[in-house]
Amino acid sequence: MRRTLDGQGFVEVETPMMQPIAGGAVARPFVTHHNTLDMDLFLRIAPELYLKRLVVGGFDRVYEINRNFRNEGLGWRWNPEFTMLEFYQAYTDYQGVMELTQEIITQAAKDVTGGTKTKWGEQEIDWANWQRMTMREAIIHYWPEAAGAKPEMSDFASGEGVKKLVERFNASQAHMAYEPNAPAGKTIAALFEACAEEHLTQPTIIYEFPTAVSPLSKQKPDEPDWTERWEIFAGQMEISNGFSELNDPEDQRRRFEGQLKERERGDDEAHQMDEDYIRALSYGMPPAGGVGVGVDRLCMLLTDSHTIRDVILFPLLRPEKASTAENSSEPGAKE
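### Examining the overall build of the protein
Within the protein, the regular secondary structure consists of 10 helices and 14 strands. For the protein, the C-alpha radius of gyration of 21 Å lies close to 20 Å, the compact-globule estimate for 335 residues. Once the C-alpha set of the protein is aligned to its principal axes, its extents read approximately 70 × 60 × 50 Å. Sorting the 335 residues of the protein into buried and exposed places 49% on the buried side. Counted over contacts in the protein with a minimum sequence separation of 6, partners at least 24 positions apart contribute 65%.

Listed below in structure tokens is the structure:
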């Protein structure tokens, strides 16, 4: 991955791991305290807002392969600290960085395995055969037969239409978690996860995400409820996220204010206000595209490893319970 980016003229940098505001992604942070300054700091959930400050400062192509920290659950795809590649390129948009990311991942597959096909359980992933569809198209394409007729594009245009889709989906199979008062865009994103994500084994780019779940992405000029954002899926999991960067400071302030309202509604993962970042944007950020790639998950896919613990040398695990003479002597007792 480094070779591909270096060959494209990118500069590798390092940004702070301790930040005064947890920003650049939607996640719950770890909190620490700096004694001398007597201030709380957050372990970074993403380096995004610092890398974009560098773009404001004249670094047109930058990347970082970094450790991120998210205070969330453990699972086959999740570890509280993980490795991510994040890069930014000025004077391009989401389509430009989409092409570059596909090239980076395909080249990584070739370098690691010697070809473009890798084993994934009983299936095979072909890294030379990518498909692309919008989030709305994916929901329509993978709509379960038991939920009746496939949705129309017009069903996504109103909160009432989206609510009816959720009711139909829930009537057909296992209940989908959904907040009745959430913005329609947030509900559409949840419907996509429930309806389509499990089908995305082959490399797939899903693009055009709702503005409600994309606080740092530039909106589509003709559809302000949707953004120029995409994610890459393979092996039924997300491995990359990218978009045209929002570079309008006034629009960015409005997005942060919208996220603050989500925090008031109880969403403790919503983005916080970052006045320093808004000030950086006010100096002038060129049009740009940015991308994050989950390195651990890509390693999983290229090595047929079905838990993230198998590709991290020292994954976080629950502490081992000490056995006692009393319970170890009991029939069937376990440590």
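### Overview of the packing of aromatic side chains
Within this structure, the stated rule accounts for four aromatic pairs. Residues Phe 10 and Phe 87 carry aromatic rings whose centres are separated by 5.6 Å and whose planes lie at 85° to one another, so their mutual orientation is edge-to-face. Here Phe 10 is found in the loop between α1 (2–7) and β1 (11–12), whereas its partner Phe 87 is found in strand β6 (residues 81–90), with 77 residues between them in sequence. Classification of Phe 10 by relative accessible area gives buried; the value is 5%. Here Phe 192 and Phe 233 contribute two aromatic rings whose centre-to-centre distance is 5.5 Å and whose plane-to-plane angle is 70°, an arrangement assigned as edge-to-face. In this pair, Phe 192 sits in helix α6 (residues 184–195) while Phe 233 sits in strand β12 (residues 223–234), placing the two residues 41 residues apart along the sequence. Taken as a pair, Phe 192 and Phe 233 share a single burial class, namely buried. Here the guanidinium or amino end of Arg 53 rests over the ring plane of Tyr 50, the centre of that ring lying 4.7 Å away. The positively charged end of Arg 136 is found above the aromatic ring belonging to Trp 226, 3.9 Å away from the centroid.

### As for the pairing of β12
For β12, the buried fraction is high: nine of the 12 residues fall into the buried class. Note: strand β10 (residues 204–210) against β12, six bridges, orientation antiparallel. Bridged to Pro 210 within β12 is Trp 226. In terms of strand pairing, strand β11 (residues 219–220) meets β12 through two bridges, oriented antiparallel. Opposite Gln 219, over in β12, you have Thr 227 as the bridge partner. Between β11 and β12, which pair antiparallel in sequence order, lie two residues. Here β12 hands over to strand β13 (residues 237–244) after two residues, with Gly 235 in that stretch at a positive phi of 60°.

### Comments concerning the nonpolar core
One finds Leu 5, Phe 87, Trp 127, Trp 230, Ile 239 and Leu 301 to be the most contacted residues of the largest nonpolar core, which totals 32 residues. Those elements giving two or more residues to this core turn out to be β6, α3 (94–113), β12, β13, β14 (288–294) and α9 (295–303). It is α3 that provides the largest number of residues to this core, a total of eight residues. Counting residues in each nonpolar core, the second largest holds 25 residues, with Ile 140, Ala 147, Val 166 and Ile 206 among its members.

### Here's the deal with the environment of Gly 161
Along the chain, Gly 161 turns up in helix α5 (residues 159–172). Residues Gly 161 and Ala 184, 23 residues apart in the sequence, show an inter-C-alpha distance of 9.1 Å.

### A few points about the pairing of β13
The buried count for β13 comes to six of eight residues, which makes it a mostly enclosed element. Here six bridges tie β12 to β13, and the two strands are oriented antiparallel to one another. Within β13, the position partnered with Trp 230 by the bridge is Gly 242. As judged from the five bridges shared by β13 and β14, these two strands associate in the antiparallel manner. Within β14, the residue paired with Phe 243 across the bridge is Gly 290.

### A few points about the side chain of Asp 274
Checked against the element boundaries, Asp 274 lands in the loop between α7 (249–264) and α8 (275–283). Judged by its relative accessible area of 7%, Asp 274 falls in the buried class. At 3.0 Å, the side chain of Asp 274 forms a polar contact with the backbone nitrogen of Tyr 277. Leaving out residues up to four positions away in the same chain, Asp 274 has contacts with Ile 21, Leu 49, Arg 53 and Phe 256.

### With respect to the sheet that holds strand β3 (residues 31–34)
Taken together, three strands build an open sheet; the order of strands is β2-β4-β3 and the sheet is antiparallel. Every interior strand has two partners, whereas the edge strands, β2 (18–19) and β3, have only one.

### Here's the deal with the confidence of the model for the protein
The share of residues in the protein with pLDDT of 70 or more is 95%, and the mean pLDDT across the chain is 92. Segment residues 328–335 is flagged for pLDDT under 50; beyond a separation of four residues in sequence, or across chains, it makes five contacts in the model.

### Here's the deal with the pattern of salt bridges
Opposite charge on two side chains makes pairing possible when the charged atoms of those side chains draw close. Throughout the structure, instances matching the rule amount to 24 salt bridges. As a salt-bridge pair, Arg 53 and Asp 274 come within 3.6 Å of each other at their nearest N and O atoms. With Arg 53 in helix α2 (residues 48–56) and Asp 274 in the loop between α7 and α8, this residue pair connects regions lying 221 residues apart in the sequence. Its salt-bridge partner being Arg 265, residue Glu 262 comes within 2.8 Å of it at the nearest N-O pair.

### Remarks on unusual backbone geometry
A positive phi angle is found at Glu 208, which is not glycine, with a value near 65°. Position of Glu 208 relative to the elements: it lies in strand β10.

The rules behind each value
Residues numbered from 1 in each chain as written. Predicted model: local features only at pLDDT ≥ 70, side-chain atom pairs only at ≥ 80, totals over all residues. Heavy atoms only, no water. Helix = DSSP H or I, 4+ residues; strand = E, 2+ residues; numbered from the N terminus. Rg over C-alpha atoms; globule rule 2.2 N^0.38 Å. Buried < 20%, exposed > 50% of the residue type's maximum accessible area, 1.4 Å probe, protein only. Contact = heavy atoms within 4.5 Å. Phe/Tyr/Trp six-rings, centres within 6.5 Å; stacked < 30°, edge-to-face > 60°. Lys NZ or Arg CZ within 6 Å of the ring centre and 35° of its normal. Pairing = 2+ DSSP bridges. Core = buried A, V, L, I, M, F, W, Y, C linked by side-chain atoms within 4.5 Å. Polar contact = N/O pair within 3.5 Å; in protein donor to acceptor, adjacent residues only side chain to side chain. pLDDT = per-residue confidence, 0-100. Salt bridge = Lys/Arg side-chain N within 4 Å of Asp/Glu carboxyl O.

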